[in-house]
Amino acid sequence: RRFKVHKLLLEGKASGLSVEQELRRINRGEGWSLEITTPDRDKVARAHASISTFADNLVYAPNRQYARMVIDETAAFPFGRYKDLTDTVTQAIKHFRDNGLLLRRTEKARADEEERHINHHPEPLYPTM
């Protein structure tokens, strides 16, 4: 409620499944969804896969204390003490990218070009009334 969550992603490993059941029980009817994810690679590989998203400046960090904590941990990854926030960020990026909610500049330009091509209606050969 506090963070006005739209969707909660839970990793379907270890305690994730029992956490899912409890969250569904406690928060039934709250207006947000819960999705179980199964990561297909390790944390380091997922972090490497998200580098281009950061390089294209597609990640926004608000001026908040928690954002500084996430940035610091992510900058130290994989050699830092903690890895959970970094893993959360990379999982979120993957989710957004997989669902077409986050496009790199080149992908956006290609999608815009395809849209123009699909919606282009050439002039008719003969006058129409």
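Provided above is the structure to which this section pertains.
Numbering of residues starts from 1 in each chain and follows the order in which that chain's sequence is written. At least 70 in pLDDT is required for a residue's local features to be given in this predicted model, at least 80 for side-chain atom pairs to be given and counted, and no such filter applies to totals for whole chains, interfaces and linings, which use all residues. The side-chain quantities take in all heavy atoms of the structure and omit both hydrogens and water.

> Give me the overall build of the protein: which residues, what numbers.
Scanning the protein from N- to C-terminus turns up six helices and two strands. Strands are runs of DSSP state E lasting at least two residues, helices are runs of H or I lasting at least four, and both sets are numbered from the N terminus onward. Going from N to C terminus, the protein has its helices and strands arranged as β-α-β-α-α-α-α-α. In this treatment the radius of gyration is a C-alpha quantity, and the globule benchmark scales as 2.2 Å times the residue count to the 0.38 power. A globule of 129 residues ought to have a C-alpha radius of gyration of about 14 Å, yet the protein, at 20 Å, is considerably larger. With the C-alpha coordinates of the protein rotated into their principal frame, the extents come out at 70 × 40 × 30 Å. Taking all 129 residues of the protein together, the buried fraction comes to 18%. Long-range pairs, those at least 24 residues apart, make up 64% of the contacts in the protein with a sequence separation of at least 6. Per-residue and other accessible areas were derived by the Shrake-Rupley procedure at a 1.4 Å probe size, with only the shown protein chains allowed to occlude residues. For the protein, the accessible surface area stands at approximately 10,700 Å², while carbon and sulfur atoms represent 56% of it. Note on charges: Lys and Arg go in the positive column, Asp and Glu in the negative column, and His and the chain ends are not counted at all. The atom standing in for a charge is NZ when the residue is Lys, CZ when it is Arg, CG when it is Asp and CD when it is Glu. For the protein, the separation between the mean place of its 22 positive charges and that of its 19 negative charges on side chains is 6 Å. Relative accessibility under 20% of the residue-type maximum defines a buried residue, over 50% an exposed one, and the middle range a partly exposed one, all with a 1.4 Å probe and only protein chains included. A contact between two residues is defined here by any heavy atoms of the two lying within 4.5 Å.

> For the environment of Arg24, give the residues involved together with the corresponding values.
By secondary structure assignment, the location of Arg24 is in helix H1 (residues 16–26). Since its relative accessible area comes to 37%, Arg24 is described here as partly exposed.

> Describe the pattern of salt bridges, listing the residues and the values that go with them.
Working definition: two side chains of opposite charge can pair if their charged atoms are close together. A pair is scored as a salt bridge if a Lys or Arg side-chain nitrogen falls within 4 Å of a carboxyl oxygen belonging to Asp or Glu. Tallied over the entire structure, the rule returns 13 salt bridges. Between Glu22 and Arg25 there is a salt bridge whose closest N-O contact spans 2.6 Å. On the criterion of helical spacing, the pair formed by Glu22 and Arg25 is a turn pair, its members being three residues apart in helix H1. Across the salt bridge formed by Asp40 and Arg41, the nearest N and O atoms sit 3.7 Å from each other. The exposed category is assigned to Asp40, whose relative accessible area is 54%. Among the charged side chains, a salt-bridge network with shared partners connects Asp56, Arg104 and Arg105.

> Quick one: what's the story with the pairing of strand E1 (residues 7–11), residue by residue and with numbers?
One face of the sheet, then the other: side chains in a regular strand alternate in exactly this way. DSSP calls a pair of strands paired once it identifies at least 2 bridges connecting them. Note: E1 against strand E2 (residues 33–37), five bridges, orientation parallel. Note on E2: the bridge partner recorded for Leu10 is Ile36. Seen with its strands pointing away from the viewer, a crossover is right-handed when the path leading from the first strand over the helix to the second is clockwise. Following the backbone out of E1, through H1 and into the adjacent parallel E2, one traces a crossover that is right-handed.

> Give me unusual backbone geometry: which residues, what numbers.
Cis geometry is adopted by the peptide bond preceding Pro78, which originates at Phe77 and carries an omega value of 5 degrees. In this structure, Pro78 sits in the loop between helix H4 (65–76) and helix H5 (84–98).

> So what about the side chain of Glu20? Which residues, and what values?
Turning to its location among the elements, Glu20 is positioned in helix H1. The class for Glu20 is buried, based on a relative accessible area of 16%. When residues no more than four places from it in sequence are discounted, the contact partners of Glu20 are Leu10, Leu34 and Ile36.

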